[in-house]
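Observations on the three-dimensional arrangement
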Amino acid sequence: MTKRVVLIGHPVAHSLSGAMQQAAFDELRIDAAYELWDRTSIALGDAIAELRTDDFLGANITIPHKERVVPMMDRLTDDAQATGAVNTITREGRRLVGHNTDVPGFKVALDKLVGKQKMPRQAVVLGAGGGARAVVYGLITEGFQRIIVFNRHLHRAEGMVRHFGRSAAHMELRAMPWHDSIIEAELAKSKVLVNATSIGLSADVSPIPREVIHGDLLVLDLIYARTRLLRDAATAGATTADGELMLLHQGAAAFSLWTGQPAPLELMQTRLAEARAGGIRSAEGEPADVGASAAQGEPAAQGEPAPGQPTAEDQPAAAVGAE
Ligand code: NDP
């Protein structure tokens, strides 16, 4: 019987994971199908409950559910426990195990971005969602000494900082209010900038003004596209990378967890590139209306967007991919 692996998120039509995971199953002659499940928060519990049957090898979890699924797991691995976020689920009988393969995926991307230089010690992170948690934990475990987090809703960044209290006890991890002048001041003291917000995913907008980006920065955007942020950073002389490597390596790690086999990395990378070049298509094979999906996104937890920040509703459709 064909086993099932599902990607659960909202929206999911933008996802490129299906292309690389299905190709990997087929290459290794594993009888499995990768499905995209668009589920709102209300439907999440039922979706997770379905995974407990023998039909499923496991699942991926994407925006905006990575933190919300944590209490639904029977067991968490160390990275999932440390981050408080789950992006991959495996099954042990009827029990569900939550993993976080974004952490090793991010570390591969960071290492590549830093290249032969000495690993920097100061970073600015934009965002405080599930992806940002993997980024912050990856930076802490890489030995960063100062990490400043900016998020539209400050309370969420503060919650994340509190969550990392013990693992960050030896260093400075702070949440700051999202103001361009504060971001500029912090970037001036930093070497690494990571965008872990979804700003730029569904419209050609940058989370920060181009003037605040300096040429010594190493800039990583988790979004798998040549975003406005990355183009502005390159113009400023900064070194840049998009979310491709992180997406590939989190996916390869997830594949190995589901199948017990090493992932065919090269093939998965080729399929990702092809999917990106061919435009994003929805699960039904129709062109995905990413902008419309984003506009139906979850309501903000509380408070107002920072002044000047775009909202999901502001953003027209564009075909980019990320997890
Ligand atoms: P979440 O839904 O958990 O978090 C979304 C983040 O984006 C929050 O910080 C949120 O701020 C912020 N945000 C969203 N819309 C706006 C807006 N209009 N203005 C200001 N801030 C906004 O998602 P994830 O953390 O899972 O994913 C975040 C991004 O990272 C996505 O683009 C995702 O595709 C990408 N990603 C890529 C990966 C890869 O492998 N390359 C892996 C993981 C994530 P607030 O809290 O204030 O709402």
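Residues numbered from 1 in each chain as written. Predicted model: local features only at pLDDT ≥ 70, side-chain atom pairs only at ≥ 80, totals over all residues. Heavy atoms only, no water.

The next subject is the pairing of strand S10 (residues 192–195). Of the two faces of S10, both are covered, the one formed by Val 192 and Val 194 as well as the one formed by Leu 193 and Asn 195. One ladder, built from four bridges, connects strand S7 (residues 122–126) with S10; its direction is parallel. Bridging from a neighbouring strand, Val 124 pairs with Leu 193 of S10. Note that S10 and strand S11 (residues 218–221) share four bridges and pair parallel. Looking at the pairing, Val 192 lines up with Leu 218 of S11. (Buried < 20%, exposed > 50% of the residue type's maximum accessible area, 1.4 Å probe, protein only. Helix = DSSP H or I, 4+ residues; strand = E, 2+ residues; numbered from the N terminus. Pairing = 2+ DSSP bridges.)

What follows deals with the sheet that holds S7. What holds strands together in a sheet is hydrogen bonding between their backbones, with the strands either parallel or antiparallel. The parallel open sheet is built from six strands, whose spatial order is S9-S8-S7-S10-S11-S12. Because the sheet does not close on itself, it has two edges, and the strands there are strand S9 (172–176) and strand S12 (239–241). Adjacent strand axes in the sheet meet at a mean angle of 15 degrees when their direction is disregarded. Helix H8 (residues 228–235) contacts S10, S11 and S12 of the sheet and is inclined by roughly 165 degrees relative to S11. (Axes fitted to C-alpha atoms, helices over the stretch in contact; angles between N-to-C directions. Contact = heavy atoms within 4.5 Å.)

Scanning the model with the defined rule gives five aromatic pairs in all. Ring geometry for Phe 25 versus Trp 258: centroids 6.4 Å apart, planes at 45 degrees, classification tilted. Placement of the pair is Phe 25 in helix H1 (residues 17–27) and Trp 258 in helix H9 (residues 244–259), with a sequence separation of 233 residues. On the basis of an interplanar angle of 55 degrees and a centroid distance of 6.3 Å, the ring pair of Tyr 34 and Trp 258 is categorised as tilted. (Phe/Tyr/Trp six-rings, centres within 6.5 Å; stacked < 30°, edge-to-face > 60°.)

What you tend to see is this: most non-glycine residues have negative phi, and most peptide bonds are trans. Of note, the bond from His 10 into Pro 11 is cis; its omega dihedral lies within 30 degrees of zero at 5 degrees. Checked against the element boundaries, Pro 11 lands in the loop between strand S1 (3–9) and H1. Cis geometry marks the peptide bond from Ile 63 to Pro 64; its omega dihedral reads 0 degrees. Within the secondary structure layout, Pro 64 lies in the loop between strand S3 (56–61) and strand S4 (75–76). You will see that Arg 29, though not glycine, has its phi angle at about 50 degrees, which is positive.

This next bit is on the side chain of Ser 15. Residue position: Ser 15 is located in the loop between S1 and H1. Looking at Ser 15, its side chain comes within polar contact range of the main-chain nitrogen of Ser 17, at 3.0 Å. (Polar contact = N/O pair within 3.5 Å; in protein donor to acceptor, adjacent residues only side chain to side chain.)

The strand order across the open sheet built from six strands is S2-S1-S3-S5-S6-S4, with neighbouring strands paired in mixed fashion. Sheet topology places strand S2 (32–38) and S4 at the edges, where each strand pairs with a single neighbour.

Attention now moves to the confidence of the model for the protein chain. In the predicted model, the protein chain carries a mean pLDDT of 88, and the fraction of residues at 70 or more is 86%. Confidence drops under a pLDDT of 50 for residues 280–320, and excluding neighbours within four residues, the segment shows 71 contacts in the predicted structure. (pLDDT = per-residue confidence, 0-100.)

What follows covers helix H10 (residues 265–277). For H10, which comprises 13 residues, the first-to-last C-alpha distance of 18 Å matches the rise-based estimate of 18 Å (1.5 Å per residue) to within 8%. If you check which residues of H10 are buried, you get Leu 267, Met 268, Leu 272 and Ala 275. All buried residues of H10 fall inside an arc of 140 degrees around its axis, so they share one side. Away from its buried face by more than 90 degrees, H10 exposes Glu 266 and Ala 277. Residues of H10 that are buried in the fold lie against H1 and H9. (Expected span 1.5 Å × (residues − 1). Arc of directions from axis to C-beta.)

So, on to the packing of H9 against H10. Across the interface, H9 lies against H10 with an axial gap of 10 Å and an inter-helix angle of 130 degrees. Between H9 and H10, the angle is such that the two are oblique. The two elements H9 and H10 meet at a crossing, and its hand is right-handed. Contacts between H9 and H10 involve Glu 244, Leu 245, Leu 247, Leu 248, His 249, Gly 251 and Ala 252 on the former and, on the latter, Leu 265, Met 268, Gln 269, Leu 272 and Arg 276. In terms of residue class, the contact of H9 with H10 is made up of seven nonpolar, three polar and two charged. (Parallel < 35°, antiparallel > 145°, perpendicular 65-115°, else oblique. Left-handed = near helix turned anticlockwise from the far one by under 90°. Nonpolar A, V, L, I, M, F, W, Y, C, P; charged D, E, K, R; others polar.)

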